[in-house]
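Spelled out from the first residue to the last, the chains are:
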Amino acid sequence: MKYYSTNQTAPQAGLRQAVTEGLAPDKGLYMPERIRRLPDEFFERIDRLGFHEIAKTVASAFFGDDIPQAELDRIVDATLCFDTPVVHVGGEIWSLELFHGPTAAFKDVGARFMARMLGHFTHGEAGRITVLVATSGDTGSAVANGFLGVEGIDVVVLYPKGKVSDLQEKQFTTLGQNITAIEIDGTFDDCQRLVKHAFMDSDLKTRLTLTSANSINVARFLPQSFYYFHAYAQMKRAGKGDGLVFAVPSGNFGNLTAGLFAMRMGLPVRRFIAANNRNDVFLEYLRTGVYTPRPSVETVANAMDVGDPSNFARILDLYANDVEAIRRDISAFRYDDGQITQCIGRVHSSTGYTLDPHGACGYLALEEGLHDGEHGVLLETAHPAKFGHTVEAAIGGEVPLPRSLEGFVGKQKQSVPLGPDYDGFRKWLTGRG
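The sections below set out a description of the structure shown in this document. What you see is a predicted model, and the numbers here were worked out from it, not measured in a lab. (Residues numbered from 1 in each chain as written. Predicted model: local features only at pLDDT ≥ 70, side-chain atom pairs only at ≥ 80, totals over all residues. Heavy atoms only, no water.)

Section: the pattern of salt bridges
Overall, the coordinates contain 22 salt bridges when judged by the stated rule. Across the salt bridge formed by Lys 236 and Asp 47, the nearest N and O atoms sit 3.7 Å from each other. Taken together, the residues Lys 236 in helix α11 (residues 226–237) and Asp 47 in the loop between α2 (40–45) and α3 (51–63) connect sequence positions 189 residues apart. We classify Lys 236 as partly exposed; its relative accessible area is 24%. With its nearest N and O atoms 2.5 Å apart, the salt bridge here joins Glu 324 to Arg 327. In this pair, Glu 324 and Arg 327 both sit in helix α15 (residues 323–329), 3 residues apart, roughly one turn of the helix. (Salt bridge = Lys/Arg side-chain N within 4 Å of Asp/Glu carboxyl O. Helix = DSSP H or I, 4+ residues; strand = E, 2+ residues; numbered from the N terminus. Buried < 20%, exposed > 50% of the residue type's maximum accessible area, 1.4 Å probe, protein only.)

The following block contains the structure:
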């Protein structure tokens with residue numbers, strides 16, 4: 001399959017080029033030239049299929065033209081070493097728990113899949129690849145874990161100083177080996193800008209082989225559609241498959257975009273809700289029809305602290321820039337820190353379920369936006385223990401650490417401090433080693 005740029009001025013690329021380059025030469029994001037609709041028979045029997053069987057079918061529709069089926073099946077099996085269960089919270093609200101992977105965050109699916117796909121394309125080749133990734137919280141740990149120790153690949157994680165939780169920070173600053181953390185004195189938007197600038201630096205790209213593991217990379221965000229299909233299968237099994245609404249905590253919008261791709265592939269979902277924190281440029285776009293990016297602001301739901309979401313370009317492309325069509329499939333709500341923390345405490349008290357700050361945004365959006373006859377599924381994107389201070393203060397009790405996170409407690413971080421200027425970052429990139 002060929003991939004085109006959302007900016008429409010770069011030549012089409014094959015999957016290998018789209019994955020290894022990350023960003024198109026015209027600064028656009030790669031999109032597949034077609035989205036295959038899965039047969040009705042697949043959805044009729046999906047509630048009798050396991051997660052791996054579902055994911056292999058979806059992966060084949062995306063990547064089957066370019067990767068042999070046996071190898072693609074191996075990549076899926078190696079990626080999905082954990083489940084993504086749907087858990088009833090209360091009333092007509094369920095939680096799709098995406099925190100059962102190695103780094104306790106939803107990005108484990110996309111990051112692990114991409115690491116294995118990139119390994120497939122570069123196996124046996126000479127030279128090293130540098131993976132650049134900007135993180136507002138969980139992307140860094142998921143990518144670092146997915147690529148840790150992979151031969152021939154160096155990972156450079158850029159993150160905003162003081163704007164990720166302590167546990168999130170330790171997950172990518174204590175690994176060593178082929179993982180380096182860059183602590184940027186700025187915001188996530190600064191980190192993302194530095195990564196994008198590096199990809200546009202033609203001289204730098206003659207000296208280094210660069211790719212990105214953010215959701216701008218098709219191999220990172222497309223596999224995130226797997227768990228939407230798996231969630232539908234579980235809801236259908238429970239007799240709740242009709243009138244399905246997903247509430248997606250929205251930062252860089254890779255997760256929501258993957259859900260929209262699933263809808264285009266035939267997933268029987270009624271609509272989506274984009275749950276925003278105070279970084280609400282998408283909500284304002286839906287209200288006004290005008291997209292106005294702005295600097296991000298710091299919130300307790302830090303993984304959503306994005307003022308210029310990259311994947312907005314993909315959403316516009318999917319809908320041919322038709323805001324009315326977007327409004328038919330997606331609504332949006334905004335919540336501040338007080339509402340988020342109050343929700344965590346209230347839900348825990350009334351149901352016994354513990355939300356993380358991002359899942360709390362999804363819960364609030366379903367409370368506010370769910371209609372009669374609909375069943376709501378929020379995406380619980382990270383384990384609440386990753387935000388221990390915020391969550392424990394809200395519930396008035398301790399949040400036990402999952403086993404996957406226990407090993408990071410007490411470790412000392414190792415990071416490289418840099419300012420937000422590109423020249424300093426470029427000098428470090430070309431001078432290391």
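Structural notes on the packing of helix α6 (residues 138–147) against helix α7 (residues 166–173)
Taken N-terminus to C-terminus, the directions of α6 and α7 make an angle of 30°; their axes are 8 Å apart at the nearest point. Of the possible angle classes, the one that applies to α6 and α7 is roughly parallel. Remark: the crossing between α6 and α7 carries left-handed chirality. Residues Asp 138, Gly 140, Ser 141 and Ala 144 of α6 lie in contact with α7, whose contacting residues are Gln 168, Gln 171 and Phe 172. Within the contact of α6 with α7, the residues separate by chemical class into 2 nonpolar, 4 polar and 1 charged. (Axes fitted to C-alpha atoms, helices over the stretch in contact; angles between N-to-C directions. Parallel < 35°, antiparallel > 145°, perpendicular 65-115°, else oblique. Left-handed = near helix turned anticlockwise from the far one by under 90°. Contact = heavy atoms within 4.5 Å. Nonpolar A, V, L, I, M, F, W, Y, C, P; charged D, E, K, R; others polar.)

Quick word on the sheet that holds strand β6 (residues 153–160)
Judged by pairing direction, the sheet is parallel, and its 5 strands sit side by side in the order β8-β5-β6-β7-β13 without closing on themselves. Single-partner strands in this sheet number two, and they are β8 (209–212) and β13 (416–418). Here the average twist between neighbouring strands, direction ignored, is 25°. Sheet topology note: the β6/strand β7 (residues 179–184) ladder contains 6 bridges and is parallel. Looking at the pairing, Val 156 lines up with Thr 180 of β7. On top of the sheet, helix α20 (residues 422–431) reaches β5 (129–134), β6, β7 and β13; it is set at about 150° to β13, its chief contact. (Pairing = 2+ DSSP bridges.)

What to know about helix α18 (residues 388–395)
Taken together, the buried positions of α18 are Gly 388, Thr 390, Val 391 and Ile 395. The buried residues of α18 all sit within an arc of 165° when viewed along its axis, so they share a single face. The exposed residues of α18 that point more than 90 degrees off its buried face are His 389 and Ala 393. Positive phi shows up at Gly 396, right after α18, with a value of about 70°. (Arc of directions from axis to C-beta.)

Let's talk about the nonpolar core
In terms of nonpolar packing, the biggest core is built from 138 residues, with Phe 147, Tyr 228, Phe 229, Phe 246 and Phe 282 touching the most fellow members. Other than its neighbours up to four places away in sequence, Phe 147 contacts Ala 111, Met 114, Ala 115, Leu 118, Val 131, Ile 153, Val 155, Asn 178 and Ala 213. In terms of nonpolar packing, the next biggest core, distinct from the first, is built from 24 residues, Leu 23, Ile 182, Val 306 and Tyr 422 among them. (Core = buried A, V, L, I, M, F, W, Y, C linked by side-chain atoms within 4.5 Å.)

Side note on the sheet that holds strand β9 (residues 244–249)
Spatial strand order, β3-β4-β12-β9-β10-β11: 6 strands in an open sheet with mixed pairing. At either margin of the open sheet sits one strand with a lone partner, and together these are β3 (86–90) and β11 (330–334). Strand-to-strand twist of the sheet, defined as the mean angle between neighbouring strand axes without regard to direction, takes the value 25°. Relative to β11, strand β10 (residues 271–276) runs parallel, the two being bridged by 5 bridges. The residue of β11 that forms the bridge with Ala 275 is Phe 333.

A word on the side chain of His 383
By the element assignment, His 383 lies in the loop between β12 (375–380) and α18. His 383 has contacts with Phe 99, Ala 104, Asp 356, Val 399, Pro 400 and Pro 402, leaving out every residue within four places of it along the chain.

Side note on empty space enclosed by the protein
Gaps left between atoms show up when a probe the size of a water molecule is rolled over them. Across all of its chains, the model carries 2 cavities of 30 Å³ or more by this definition. Taken as a whole, the largest cavity encloses approximately 270 Å³ of empty space. Surrounding the largest cavity, 25 residues form its lining, Phe 106, Lys 107, Gly 251, Asn 252 and Ala 303 being those nearest its centre. Mapped by element, the contributors of at least two residues to the lining of the largest cavity are α6, β9 and α12 (254–264). (1 Å grid on protein atoms, 1.4 Å probe; cavity = no way out; pocket = protein on both sides within 12 Å on 5 of 7 lines; lining within 4 Å. Points joined across faces, edges and corners; volume = space filled by probe spheres on them.)

A closer look at the state of the cysteines
Counting across every chain of the model gives 0 disulfides. Free of any disulfide, Cys 343 has its nearest neighbouring cysteine sulfur in Cys 361, separated by 8.3 Å. Residue Cys 343 is classed as buried on the basis of its relative accessible area, which comes to 0%. (Disulfide = S-S within 2.5 Å.)

Quick notes on the packing of helix α4 (residues 69–79) against helix α5 (residues 107–122)
Axis separation between α4 and α5 bottoms out at 9 Å; the angle between their running directions is 145°. The way α4 lies across α5 gives a crossing that is right-handed. Contacts between α4 and α5 involve Glu 71, Leu 72, Ile 75, Val 76, Ala 78 and Thr 79 on the former and, on the latter, Val 109, Arg 112, Phe 113, Arg 116, Met 117 and His 120. Its residues assigned to classes, the contact of α4 with α5 comprises 7 nonpolar, 2 polar and 3 charged.

Focus on the pairing of β5
With 6 of 6 residues buried, β5 is to be regarded as a mostly interior element. Where burial is concerned, the two faces of β5 agree: the one with Ile 129, Val 131 and Val 133 and the one with Thr 130, Leu 132 and Ala 134 are both buried. Note that β5 and β6 share 6 bridges and pair parallel. Note on β6: the bridge partner recorded for Thr 130 is Asp 154. Traced from β5 through α6 to β6, the parallel crossover comes out right-handed. (Right-handed = clockwise from strand over helix to strand, strands pointing away.)

Focus on the environment of Phe 408
Mapped onto the fold, Phe 408 is located in the loop between α19 (403–406) and β13. With 240 residues separating them along the chain, Phe 408 and Gln 168 place their C-alpha atoms 9.3 Å apart. When residues no more than four places from it in sequence are discounted, the contact partners of Phe 408 are Leu 167, Lys 170, Gln 171, Thr 174 and Leu 175.

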